[in-house]
Amino acid sequence: MVLVVGAGTMAIKGAGPMILGGRALPEALTGVIELLGPALLGALVAVQIFGDGQALVLDERVVGLGVAAIALWRKAPLLVVVVAAAAATALARAVL
Amino acid sequence: MAQGRPSGYRDGARAMAPLTVAIVAFGISFGVLARSVGFSWPAAVAMSATTFAGSAQFAAASILSDGGTIAAAIGAALLLNARYGPIGVSVAPWLTGSTLSRFLHAQLTVDESWAIAAEGGGRFDPRKLVGAGLLLYVCWVGGTAIGAIGGRSFGDPGSLGLDAAFGALFLGLLIPLTKGRRRTQAALLGAMIALALTPIAPAGVPIIAASGACLLGVRR
């Protein structure tokens, strides 16, 4: 299992860079690839905060995300944002 | 094309630094979980060293612990990692070295290092990718070894709020990439697709489907 998953993941990760590496993408694709970052990160934020296996839940992580949003709005460094989010989540769990 | 500044490696590692505690803690959790479902400690460490993708490893180990088949565990893990197909394509133009160098760069590409290396407009700094990816790799594999050999968890990462750290980091990395209406729309659409599919699709599918939001960029 370990070997199959490891080799499979390495192949998935390696495919794009091995085949396409160093070549500019066709003009028509760049507009699409440019939006891949925002699209995937938006999805990752949503799943990290609201996902719990197959369920969608509203729990203390939302407090952490809110604190992170405020810290980002106040232009805090990423370290402060992440630590504040974790601390706020832990505090909410302890109190609520 | 790969003209990162010389300080790029350090910039990447510095951007990753806020997450190191969380990554070690989750690495320990994975090591403990893997041992509890019957992995030997070298197998647990080998999985972290080769698969190097937390969500897929947790999914595979928890399917086994719920009595699932090995085939189901492999399927879920590879499905969860399928997002690295499009992610690999997005960084490919910026990796200009030999085939081996491109392969190794690709292995250090995980959600966090990829997001840190993103410079907006579809550009990526391969040095930041390596700096961030190597630090993450050491923390993840090291954490797994501590958990798998030490055999007991140092408490629940959740009680420290560490499960919210990843969402916060991704939000912090997303915001600089959302200058312009089209990019904001792509981020929101990606989030909506992922949330809509989470209850009905197998783990991993929602994130892959969300990458479809980038089709907003199709030029007409």
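Residues numbered from 1 in each chain as written. Chains lettered and ligands numbered in written order. Predicted model: local features only at pLDDT ≥ 70, side-chain atom pairs only at ≥ 80, totals over all residues.

1. A look at the overall build of chain A
In step 1: Helix and strand counts for chain A stand at five helices and two strands.
In step 2: Reading chain A from its N end, one meets helices and strands in the order α-α-α-β-β-α-α.
In step 3: For a compact globule of 96 residues, the expected C-alpha radius of gyration is about 12 Å, and chain A comes in at 19 Å, more than 25% above that figure.
In step 4: Once the C-alpha set of chain A is aligned to its principal axes, its extents read approximately 50 × 40 × 25 Å.
In step 5: Taking all 96 residues of chain A together, 50% fall into the buried category. (Helix = DSSP H or I, 4+ residues; strand = E, 2+ residues; numbered from the N terminus. Rg over C-alpha atoms; globule rule 2.2 N^0.38 Å. Buried ≥ 20, exposed ≤ 12 C-beta atoms within 10 Å, placed from the backbone.)

2. Digging into the interface of chain A and chain B
In step 1: Opposite the 65 residues of chain A that make contact, chain B presents 87 residues.
In step 2: Sorting the residues of the side of chain A that touches chain B by element identifies helix H1 (2-20), helix H2 (27-34), helix H3 (36-50), strand E2 (55-56), helix H4 (61-73) and helix H5 (78-95) of chain A as the ones contributing at least two each.
In step 3: Across the side of chain A that touches chain B, the residue classes tally to 44 nonpolar, 16 polar and five charged. (Contact = placed C-beta atoms within 7 Å. Nonpolar A, V, L, I, M, F, W, Y, C, P; charged D, E, K, R; others polar.)

3. Some details on unusual backbone geometry
In step 1: For A:Lys75, which is not glycine, the phi torsion reads 65° and is therefore positive.
In step 2: Checked against the element boundaries, A:Lys75 lands in the loop between H4 and H5.
In step 3: Of note, B:Phe52 is a non-glycine position whose phi angle comes to about 50°, a positive value.
In step 4: Inspection of the secondary structure puts B:Phe52 in the loop between helix H3 (41-50) and helix H4 (54-65).

4. Points about the domain arrangement of chain B
All names here are of chain B.
In step 1: Its domain assignment divides chain B into domain 1 (8-179) and domain 2 (180-220).
In step 2: Measuring from the centre of the C-alpha atoms in domain 1 to the corresponding centre in domain 2 gives 21 Å.
In step 3: Taken together, the contact pairs eleven residues of domain 1 with eleven residues of domain 2.
In step 4: Residue contributions to the side of domain 1 that touches domain 2 peak at three residues, all from helix H5 (residues 70-81).
In step 5: For the side of domain 1 that touches domain 2, the residue count by class is eight nonpolar, one polar and two charged. (Domains from an automatic or database assignment.)

5. Concerning the domain arrangement of chain A
In step 1: Once the domains are mapped, chain A shows domain 1 (1-34) and domain 2 (36-96).
In step 2: Relative to domain 2 of chain A, the C-alpha centre of domain 1 of chain A lies at a distance of 29 Å.

6. So, the packing of H3(A) against helix H11 (residues 181-197) of chain B
In step 1: With their axes 7 Å apart at the nearest point, H3(A) and H11(B) run at an angle of 40° to one another. By the angle class used here, H3(A) and H11(B) are oblique. The handedness of the crossing between H3(A) and H11(B) comes out as right-handed. The residues of H11(B) that touch H3(A), namely those facing A:Pro38, A:Ala39, A:Leu40, A:Leu41, A:Gly42, A:Ala43, A:Val45, A:Ala46, A:Val47 and A:Phe50, are B:Arg183, B:Ala186, B:Ala187, B:Leu188, B:Leu189, B:Gly190, B:Ala191, B:Ile193, B:Ala194 and B:Leu195.
In step 2: Split by residue class, the contact of H3(A) with H11(B) holds 17 nonpolar, two polar and one charged. (Axes fitted to C-alpha atoms, helices over the stretch in contact; angles between N-to-C directions. Parallel < 35°, antiparallel > 145°, perpendicular 65-115°, else oblique. Left-handed = near helix turned anticlockwise from the far one by under 90°.)

7. Thoughts on H11(B)
In step 1: With 17 residues, H11(B) ought to run about 24 Å at 1.5 Å a step, and its terminal C-alpha atoms sit 24 Å apart, in line with that.
In step 2: Every buried residue belonging to H11(B) is among B:Arg183, B:Ala186, B:Ala187, B:Leu189, B:Gly190, B:Ala191, B:Ile193 and B:Ala194, and all of these are buried.
In step 3: Buried-residue contacts for H11(B) involve H3 of chain A together with helix H10 (163-174) and helix H12 (205-210) of chain B. (Expected span 1.5 Å × (residues − 1).)

8. What to know about the environment of B:Gly31
All names here are of chain B.
In step 1: Here Gly31 shows up in helix H2 (residues 20-36).
In step 2: In this structure the C-alpha to C-alpha distance between Gly31 and Ala148, which are 117 residues apart in sequence, comes to 4.1 Å.
In step 3: Sequence-distant contacts of Gly31, defined by excluding residues within four places in its chain, comprise Ala44, Gly143, Thr144, Ala145, Ile146, Gly147 and Ala148.

9. Some points on the nonpolar core
In step 1: Residues A:Ala39, A:Ala43, A:Ala85 and B:Ala165 are the most contacted members of the largest nonpolar core, which totals 107 residues.
In step 2: Counting residues per element, this core draws most heavily on H3(A), at eleven residues.
In step 3: Non-local contacts of A:Ala39, meaning those with residues more than four positions away in its chain, are made with B:Ala186, B:Ala187, B:Leu189, B:Gly190, B:Ala210, B:Ser211, B:Ala213 and B:Cys214. (Core = buried A, V, L, I, M, F, W, Y, C linked by C-beta atoms within 7 Å.)

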